[in-house]
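# A look at the structure
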Amino acid sequence: MEKYRICGGNRLSGAVDISGAKNAVVAILPAVILCDEPCVIENIPNISDVSTSLNILSAMGAKVRRIDRNTVEIDPRSVFTNEVDHALARTMRASYYFIGALLGKCGSARVPLPGGCWFGVRPIDLHLKGFRALGAQDLPLDQGVIELHADHLMGNSVYLDTVSVGATVNIMLAAVRARGMTIIENAAKEPHIVDLANFLNTMGADVRGAGTDVIKIRGVQHLHSATYSIIPDQIEAGTYMAMAVATHGDVLVRNVIPKHLESITAKLEEMGATIEEMDDAVRVRCSGPLHHCNVKTMPHPGFPTDMQPQIGVLLSLAEGTSVITEGIWENRFRYVDELRRMGAEVQVDGKTAVFQGVKELVGAPVEAVDLRAGAAMVIAGLAANGITEVDGIGYIERGYEDIVEKLTRLGADIRRIYVPEAQVRNA
Ligand code: UD1
């Protein structure tokens, strides 16, 4: 077992390069199954959710060849099954994108219910509503496995009652090779939805409107080979921006699409940071005290829920009282208990958290309770006085490539330390 040991207080400075977007790549890798020829995917982040997706593809028979650390070639022609490995599927949320991809490819899928971060009930009723609208029938859950069959998928209109990233992706995947036109209304507009549409279109699909709330997909019969580069990760970029602010640093965050960061930039500026936008980079500086502000998470282009814990750490250090309202998930404040161990003063009531800013956080042993909560603990540790040890780093490494190395280059004092099994058992 490993932990991060952070000695807080170092001001971050220098430049950091942002990796490919986790939430885009975990949709694009299953989408390769739909292709009739091999594809090359570039700018793949080296994170465990990617290894899991690649292992799922290999276990299904696809030929996966690493060209270099961030480029992979996948030949889906040898896929021989419509089933996804149970143990692999359970370790990540996005394994359910194999349902849409397999349905689209072979008209049937057997995929275990997914795992991933827990921030409340994570239903998939809208995914199923979409698959049913396209003509698929689902069998009752058996051993936690979802099974769907369709004689022919037929395009149809689907209205999403709630804006859902996952349902939008899954319906797009199923519809790409269906007969006729599928229209997704009240679709999610996140950057990774646009990235998936761009990838599908590069293979010859006909997807229009991604990035708006109406996506139209005209089914095609054949998808050809493509080489595609994943967009930069909006949330990884936002996390490093928050780290720069938390340490009163001066960091150039490179390889980003500044437009994707607008809601994050606006909040950090409101808190007193200076942010300079360039073509594909943002420079984040902060010297004075942090100002309080209120944040409400919303679907894109609103403030992303996946940046909520990170901004929470900053608000715990801002002068005065700030309020965060979580607009997406019912239980995304579990990191607050950990933050309190470091001296933060936060009251949570349902989907609202009230932060009473404190002068400083103090180092403590804390746990990453999920991926972004884990990133928040790293930010807290960087800003805190003293030593912070972060447990549960497996969550963090599902989504942040080389986080220790990137932070070390920026001047942080962070190390991965090994904890012997016996010590863990006795803890
Ligand atoms: C994706 C992201 C996750 C992010 C979330 C919201 C991936 C792999 N994960 O998760 O990091 O936090 O978007 O931006 O891209 N809902 C339903 N029924 C459904 C599906 C969703 O009611 O069938 C509800 C959920 O309970 C939630 C809301 O819709 O309240 C948004 O969920 P959704 O956008 O689907 O999140 P994910 O795709 O799971």
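Looking only at helices and strands, the chain has 15 helices and 23 strands in total. The C-alpha radius of gyration of the chain comes to 22 Å, within 12% of the 22 Å expected for a compact globule of 427 residues. Considered along the principal axes of its C-alpha atoms, the chain spans approximately 65 × 45 × 40 Å. For the chain, buried positions account for 56% of its 427 residues. Sequence-distant contacts in the chain: of pairs separated by 6 or more residues, those separated by 24 or more amount to 72%. Accessible area of the chain: about 16,500 Å², with a carbon and sulfur share of 47%.

Moving on, we get to the sheet that holds strand E20 (residues 352-356). Remark on secondary structure: sheet strands pair via backbone hydrogen bonds, oriented parallel or antiparallel. The four strands lie next to each other as E17-E18-E20-E19, forming an open sheet whose pairing is mixed. Of all strands in the sheet, those bounded by a partner on one side alone are strand E17 (295-296) and strand E19 (345-349). One ladder, built from two bridges, connects E17 with strand E18 (residues 321-325); its direction is parallel. Each residue of the ladder has a partner; that of Val 295, found in E18, is Ile 324.

Around the ligand, the surrounding shell holds 20 residues, and the nearest of these are Leu 126, Ser 164, Val 165, Asp 306 and Ile 328. Here an oxygen atom of the ligand and a side-chain polar atom of Arg 122 are 3.0 Å apart. Here an oxygen atom of the ligand and a backbone polar atom of Gly 166 are 2.8 Å apart. When the ligand sits alone it has 740 Å² of accessible area, and the protein chains cover 88% of it. Every element with two or more residues in the shell around the ligand is listed here: helix H5 (125-133) and helix H6 (165-175). Among the elements that take part in the shell around the ligand, H5 stands out by supplying three residues, more than any other. In terms of residue class, the shell around the ligand is made up of 10 nonpolar, six polar and four charged.

A few words now on the sheet that holds strand E16 (residues 281-285). If you trace the four strands from one edge of the open sheet to the other, you get E2-E14-E16-E15, paired in mixed fashion. Either end of the sheet is taken by a strand with one partner, and the two such strands are strand E2 (13-17) and strand E15 (274-277). Across the sheet, the mean angle from the axis of one strand to that of its neighbour is 15°, orientation sign disregarded. Sheet analysis places strand E14 (residues 250-254) next to E16, joined by five bridges and oriented antiparallel.

So, about empty space enclosed by the protein. Counting across every chain of the model gives one cavity of 30 Å³ or more. Volume-wise, the largest cavity comes out at about 90 Å³. In this structure, the largest cavity is lined by Ala 21, Lys 22, Asn 23, Ala 24, Pro 191, His 192, Ile 231, Pro 232, Asp 233, Gln 234, Ile 235 and Arg 372. Contributing elements (two or more residues each) for the lining of the largest cavity: helix H1 (22-31), helix H7 (191-202) and helix H8 (234-246). For the lining of the largest cavity, the leading source of residues is H1, giving three residues. Counted by class, the lining of the largest cavity contains six nonpolar, three polar and three charged residues.

Core analysis: the largest hydrophobic core is formed by 78 residues, its most contacted members being Ile 41, Met 172, Phe 199 and Leu 200. Those residues in contact with Phe 199 that sit more than four places away from it in its chain are Ile 28, Ala 31, Val 32, Cys 39, Ile 41, Ala 226 and Tyr 228.

Our focus in this paragraph is the layout of surface pockets. By volume, the largest pocket is sized at about 1,000 Å³. In terms of lining residues, the largest pocket is bounded by 43 residues, among which Arg 122, Val 165, Gly 166, Ile 328 and Trp 329 are the most central. Of all the secondary structure elements, the ones that give two or more residues to the lining of the largest pocket are H1, H5, H6, H8 and helix H12 (371-383). Of the residues belonging to the lining of the largest pocket, the class tally is 21 nonpolar, 10 polar and 12 charged. For the second largest pocket, the calculated volume is near 360 Å³. His 248, Leu 317, Val 358, Lys 359 and Glu 360 are the residues nearest the centre of the second largest pocket, which is lined by 18 residues in total. Of all the elements in the fold, those that place two or more residues in the lining of the second largest pocket are H8 and H12. Grouping the amino acids of the lining of the second largest pocket by side-chain chemistry returns 11 nonpolar, four polar and three charged.

Calculation rules
- Residues numbered from 1 in each chain as written.
- Predicted model: local features only at pLDDT ≥ 70, side-chain atom pairs only at ≥ 80, totals over all residues.
- Heavy atoms only, no water.
- Helix = DSSP H or I, 4+ residues; strand = E, 2+ residues; numbered from the N terminus.
- Rg over C-alpha atoms; globule rule 2.2 N^0.38 Å.
- Buried < 20%, exposed > 50% of the residue type's maximum accessible area, 1.4 Å probe, protein only.
- Contact = heavy atoms within 4.5 Å.
- Areas by Shrake-Rupley, 256 points an atom, 1.4 Å probe, with all protein chains shown as cover.
- Pairing = 2+ DSSP bridges.
- Near = heavy atom within 4 Å.
- Polar contact = N/O pair within 3.5 Å; in protein donor to acceptor, adjacent residues only side chain to side chain.
- Nonpolar A, V, L, I, M, F, W, Y, C, P; charged D, E, K, R; others polar.
- Axes fitted to C-alpha atoms, helices over the stretch in contact; angles between N-to-C directions.
- 1 Å grid on protein atoms, 1.4 Å probe; cavity = no way out; pocket = protein on both sides within 12 Å on 5 of 7 lines; lining within 4 Å.
- Points joined across faces, edges and corners; volume = space filled by probe spheres on them.
- Core = buried A, V, L, I, M, F, W, Y, C linked by side-chain atoms within 4.5 Å.

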